[in-house]
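# Coordinate analysis (summary)
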Amino acid sequence: QVQLVESGGGLVQPGGSLGLSCAASGFIVRINNMGWYRQAPGKQRELVAVITGGGSTNYVDSVKGRFTISRDNAKNTVYLQMNSLEPEDTAVYYCNANVVTTSGARGNYWGQGTQVTVSS
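Let me begin by describing the structure that accompanies this report. All of these numbers come straight from a predicted model, not from anything done at the bench.

## With respect to the nonpolar core
Judged by nonpolar contacts, the single largest core of 30 residues is most densely connected at Trp36, Phe67, Ile69, Val78, Leu80, Met82 and Tyr93. Those elements that provide at least two residues to this core are β1 (2–8), β3 (18–26), β4 (28–39), β5 (46–51), β7 (67–72), β8 (77–82), β9 (91–101) and β11 (114–118). The biggest single contributor to this core is β9, with five residues.

## Some thoughts on the packing of aromatic side chains
For the coordinates displayed, the defined rule picks out one aromatic pair. Considering the side-chain rings of Tyr37 and Trp110, the 4.9 Å spacing of their centres and the 65° angle between planes classify their relative orientation as edge-to-face. Pair noted here: Tyr37 is in strand β4 and Trp110 is in strand β10 (residues 106–110), with a separation of 73 residues, a long-range link. The class for Trp110 is partly exposed, based on a relative accessible area of 37%. In this arrangement the basic side chain of Arg45 is found over the ring face of Tyr94, its NZ or CZ atom lying 3.8 Å from the centre. Directly above the aromatic system of Trp110 lies the positively charged group of Arg45, at a separation of 4.7 Å from the ring centroid.

## Examining the environment of Leu18
Mapped onto the secondary structure, Leu18 falls in strand β3. Its relative accessible area of 16% is what places Leu18 among the buried residues. For the pair Leu18 and Ile51, spaced 33 residues apart in the sequence, the C-alpha separation amounts to 19 Å. The residues touching Leu18, leaving out its near neighbours within four places in the chain, are Gly9, Gly10, Val12, Leu80, Gln81, Met82, Leu85 and Val116.

## Some details on the pairing of β7
Every second residue of β7 is oriented toward a common face, the buried set being Phe67, Ile69 and Arg71 and the non-buried set Thr68, Ser70 and Asp72. When β7 meets β8, the two strands line up antiparallel, connected through six bridges. Within the sheet, the bridge partner assigned to Thr68 lies in β8 and is Gln81. Two successive antiparallel strands, β7 and β8, enclose a turn made up of four residues, where Asn76 displays a positive phi of approximately 50°.

## A look at the environment of Thr90
Here Thr90 shows up in the loop between β8 and β9. A sequence separation of 52 residues divides Thr90 from Arg38, and the C-alpha atoms of the two residues are 8.7 Å apart. Here Thr90 is in contact with Ala40, Gln115, Val116, Thr117 and Val118, once residues within four sequence places are set aside. Engagement of the side chain of Thr90 in a polar contact is seen with the backbone nitrogen of Val118, the distance being 2.9 Å.

So, how was this worked out
Residues numbered from 1 in each chain as written. Predicted model: local features only at pLDDT ≥ 70, side-chain atom pairs only at ≥ 80, totals over all residues. Heavy atoms only, no water. Core = buried A, V, L, I, M, F, W, Y, C linked by side-chain atoms within 4.5 Å. Buried < 20%, exposed > 50% of the residue type's maximum accessible area, 1.4 Å probe, protein only. Helix = DSSP H or I, 4+ residues; strand = E, 2+ residues; numbered from the N terminus. Phe/Tyr/Trp six-rings, centres within 6.5 Å; stacked < 30°, edge-to-face > 60°. Lys NZ or Arg CZ within 6 Å of the ring centre and 35° of its normal. Contact = heavy atoms within 4.5 Å. Pairing = 2+ DSSP bridges. Polar contact = N/O pair within 3.5 Å; in protein donor to acceptor, adjacent residues only side chain to side chain.

None of the figures reported here should be taken as evidence of function without further support.
Here's what the structure looks like:
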């Protein structure tokens, strides 16, 4: 079993910053891609940022230059630093990890989600 536990999030004013983290635990041999998704009310879940095991990153256009994804492989943790936040960034943010377990199985796992609200 693999668990992803998120922390961070909350309420911030437009133009402010927030940091999210997501720690994976369990019977993990290797974590490939790790990413952050978000889902706003009435909208589909969208990929915000992804980072490969080698550290390559990719972002949705709307957050480029404002958000930074990073990871600590020793801690099996992925981070999302969000700067210059806009009301349109309001959503529930979910982390995702593609994990190879000790049984040899490979699967996608999700965090429980954390609310980010950008409002004055």
